[in-house]
Amino acid sequence: MNLNRKQFMVSILFLIPAAAIFILFFYVPFLQSIYYSFTDWNGVGKPKFIGWANYAHIWKDPHMTDGLWNSLKMAAFGLVVQNPLALLAAVLLNRQFRTRSFIRTAFYLPVIISLVVASVVWGQMLQYDGFINEVMIRIGLESITEDWLGNVWTSFPAIILLTQWQAIGYCAIIYLAGLQAIPQDMYEAAEIEGARGWSLFRFITLPMLMPAVTIVLFLTVVGSLKLFDLPYILTNGGPGTSSYTLFLAVYNAAFKDNNYGYATAGGIVLAIFIVIVSIVQLSATRRKEVEL
């Protein structure tokens, strides 16, 4: 046996344990989940095969459909509002001013706070007799006070805004890292040619920032589709199904209704949506990187 063949066999021996663990804890459960999604199963007894019934019921279940619709709305909000605000914050924080370090820390601080703690605090503040309404009463806006998490029309918008409290700072830091990686001599050369303000941003900053844009958009879309913590802690999807997300609907179907087969089907639909949206978004943004 020559040396190269011997090294190859030794490498295979080292890979076998890791591959076995990966197959055992990833591929086997994944294949089992596909099977369970076609069954009526309560998590304990013997699964009963029912074909496509679970998948057909998903599109008739208001918890699942409203959850999917809310998840897509949150993803759209993240793309249209969250990312431009994060980019604007990063551009401003990249400038030289006296309190820059303090402001950067303040923007990122919400990211490191426990989401459970933040949810409990915000839940108390958004109650009808909470801090938010108290402030509004004191400044003369008593007529628009509301039980923000107990109203069908305001519960999910309130949750969307709360996600931005953490997400904008996180995305801004990624954009800021991308901005600091842009060579300054490119700006100097462009200024010599007469470029100023918007022209610098459009033809230098944005093209050079596209790798960071790809990362942020991917995290925004996937994070929106996977949102679970905030609606679960604050409203558990209520009132009605107004603040459901697809992930929360899957969780409740499994652990509240003990319908594990149906919940697994919902989880697979969620995974398919994430994969499709991620492929479309990544292909679109990476194409821009190649062109630039």
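The residue numbering used here restarts from 1 in each chain and proceeds along that chain's sequence as written. Two thresholds apply to this predicted model, a pLDDT of at least 70 for residue-level local features and 80 or more for giving and counting side-chain atom pairs, whereas whole-chain, interface and lining totals are computed over all residues. Values reported for side chains reflect all heavy atoms of the structure, with hydrogen atoms and water molecules removed beforehand.

Caption draft 1: Highlighting the UniProt feature "transmembrane region" (unreviewed entry) in the protein chain. UniProt positions are given in the numbering used here, feature names are shortened, and annotations may be inferred rather than shown by experiment. Following the UniProt record, the feature "transmembrane region" (unreviewed entry) maps to residues 12–38, 74–93, 105–125, 156–179, 200–222 and 260–280 here. Strands here mean DSSP runs of E at least two residues long; helices mean DSSP runs of H or I at least four residues long; both are numbered from the N terminus. For residues 105–125, the end-to-end C-alpha separation is 24 Å, with 90% helix and 0% strand making up the annotated structure. Taken end to end, residues 156–179 is 100% helix and 0% strand, and its two terminal C-alpha atoms sit 33 Å from one another.

Caption draft 2: Seen up close, the pattern of salt bridges. Think of a salt bridge as a Lys or Arg side-chain nitrogen and an Asp or Glu carboxyl oxygen that are within 4 Å of each other. This structure, assessed with the given rule, holds 1 salt bridge. Among the ionic pairs, Arg-138 bridges to Glu-134, the shortest N-O distance being 3.2 Å. With Arg-138 and Glu-134 both in helix H6 (residues 131–138), this residue pair falls 4 residues apart, about one helical turn. Using a 1.4 Å probe on the protein chains alone, a residue whose accessible area is under 20% of its type maximum counts as buried, one over 50% counts as exposed, and one in between counts as partly exposed. Residue class for Arg-138 comes out exposed when judged on its relative accessible area of 69%. Owing to a relative accessible area of 35%, Glu-134 belongs among the partly exposed residues under this scheme.

Caption draft 3: Spotlight on the side chain of Thr-39. As for its position among the elements, Thr-39 is in strand S1 (residues 39–40). Exposure remark for Thr-39: the relative accessible area of 0% places this residue in the buried category. Among the polar contacts listed, one links the side chain of Thr-39 to the backbone oxygen of Tyr-36, at a separation of 2.7 Å. Two residues form a contact once any of their heavy atoms are found within 4.5 Å. Those residues within four positions of Thr-39 in sequence are excluded, and the remaining contacts are Pro-47, Lys-48, Phe-49, Ile-50, Asn-54, Gly-261 and Tyr-262. The definition of a polar contact used here is a pair of N or O atoms within 3.5 Å, where within protein one atom must be able to donate a hydrogen and the other to accept one, and adjacent residues in sequence count solely through side-chain atom pairs.

Caption draft 4: How the structure looks around a nonpolar patch on the surface. Taken together, the side chains of Tyr-108, Leu-109, Ile-112, Ile-113, Val-117, Val-121, Trp-165, Tyr-170, Ile-173, Ile-215, Phe-218 and Leu-219 make up a nonpolar region of the molecular surface, amounting to roughly 980 Å² of accessible area. Secondary structure elements with two or more residues in the nonpolar patch: helix H4 (100–112), helix H5 (115–125), helix H7 (155–180) and helix H10 (210–225). Tracing the sequence through the fold places Phe-218 in helix H10. Judged by its relative accessible area of 30%, Phe-218 is partly exposed. Without a salt bridge and with relative accessible area above 30%, a residue can belong to a patch; like charges are then joined within 9 Å and nonpolar side chains (Val, Leu, Ile, Met, Phe, Trp, Tyr) within 5 Å. Where accessible areas are quoted, they stem from the Shrake-Rupley method and a 1.4 Å probe; at the residue level, only the protein chains shown are allowed to cover.

Caption draft 5: View of the UniProt feature "domain: ABC transmembrane type-1" (unreviewed entry) in the protein chain. The sites that UniProt annotates as "domain: ABC transmembrane type-1" (unreviewed entry) are residues 68–281. In residues 68–281, the share of helix is 74% and the share of strand is 0%. The end C-alpha atoms are 18 Å apart.

Caption draft 6: Seen up close, helix H3 (residues 62–93). Spanning 32 residues, H3 covers 43 Å between terminal C-alpha atoms, matching the ideal 46 Å at 1.5 Å per step. Most pronounced at Gly-78, the bend in H3 amounts to some 40 degrees. Of the residues that open H3, the one with a side-chain oxygen 3.0 Å from the backbone nitrogen of His-63 is Asp-61. By definition here, a helix of n residues has an expected span of 1.5 Å times n minus one. Here the bend at a residue means the angle between the axes of two seven-residue stretches, the one that ends at it and the one that starts at it.

Caption draft 7: Local environment of the environment of Pro-239. With respect to the helices and strands, the residue Pro-239 is situated in the loop between helix H11 (229–234) and helix H12 (246–255). On the accessibility criterion, Pro-239 (25% relative accessible area) is partly exposed. Expressed as a C-alpha distance, the spacing of Pro-239 and Phe-156, which sit 83 residues apart in the sequence, is 9.6 Å. Here Pro-239 is in contact with Leu-149, Gly-150, Asn-151, Val-152 and Ser-155, once residues within four sequence places are set aside.

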